[in-house]
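Residues per chain are reported as follows:
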Amino acid sequence: VTHGDWVFLALAAVAGVGALFGLAWFATLQSKATVNPEGLQYGMYSQLRMMVTQDHHGDEGQPYPFNTNLLSVHVAGPGGTALFRFQAAAILWAVLVIGVW
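Residues numbered from 1 in each chain as written. Predicted model: local features only at pLDDT ≥ 70, side-chain atom pairs only at ≥ 80, totals over all residues. Heavy atoms only, no water.

Participant: I'd like a rundown of the overall build of the chain, residues and numbers included.
Facilitator: Counting secondary structure elements, the chain contains 3 helices and 2 strands. Along the chain, helices and strands appear, N-terminal first, in the series α-α-β-β-α. Its C-alpha atoms give the chain a radius of gyration of 23 Å, clearly above 13 Å, the size a compact globule of 101 residues would have. Here the C-alpha coordinates of the chain stretch approximately 60 × 60 × 20 Å along the principal axes. Burial analysis of the chain (101 residues in total) assigns 5% to the buried set. (Helix = DSSP H or I, 4+ residues; strand = E, 2+ residues; numbered from the N terminus. Rg over C-alpha atoms; globule rule 2.2 N^0.38 Å. Buried < 20%, exposed > 50% of the residue type's maximum accessible area, 1.4 Å probe, protein only.)

Participant: Hey, could you go over the side chain of threonine 81 for me, with residue numbers and the actual values?
Facilitator: For threonine 81, the location among the structural elements is in helix H3 (residues 78–100). Under the relative-accessibility criterion, threonine 81 is labelled buried at 2%. A polar contact is formed between the side chain of threonine 81 and the side chain of histidine 74, at a distance of 3.0 Å. (Polar contact = N/O pair within 3.5 Å; in protein donor to acceptor, adjacent residues only side chain to side chain.)

Participant: Residue-level account of the environment of tryptophan 6, with values.
Facilitator: Residue placement: tryptophan 6 occurs in helix H1 (residues 5–31). Spatially, the C-alpha atom of tryptophan 6 lies 36 Å from that of glutamine 30, the residues being 24 residues apart in sequence.

What follows is the structure, encoded as structure tokens:
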């Protein structure tokens, strides 16, 4: 063990304890009974209705594939495509600036 390894060991210990607490919290949530089944059903139905799906080429109600290019496909309208193009241009600009620097 070298001089600075205790820092990484302490961080790993803190992360491990946090993960155990998170796992215990999740297990407690899963073991509780549903208090409002009607509200749960309504929430699941609303989530299904709000999902952005393909509605062309015979793919009625199917979600878009995970590898959909959001720079060129109007998934949520032209505004969404413009946003993703702006994000790509900003990332490209930042990479070029760092590369030239």
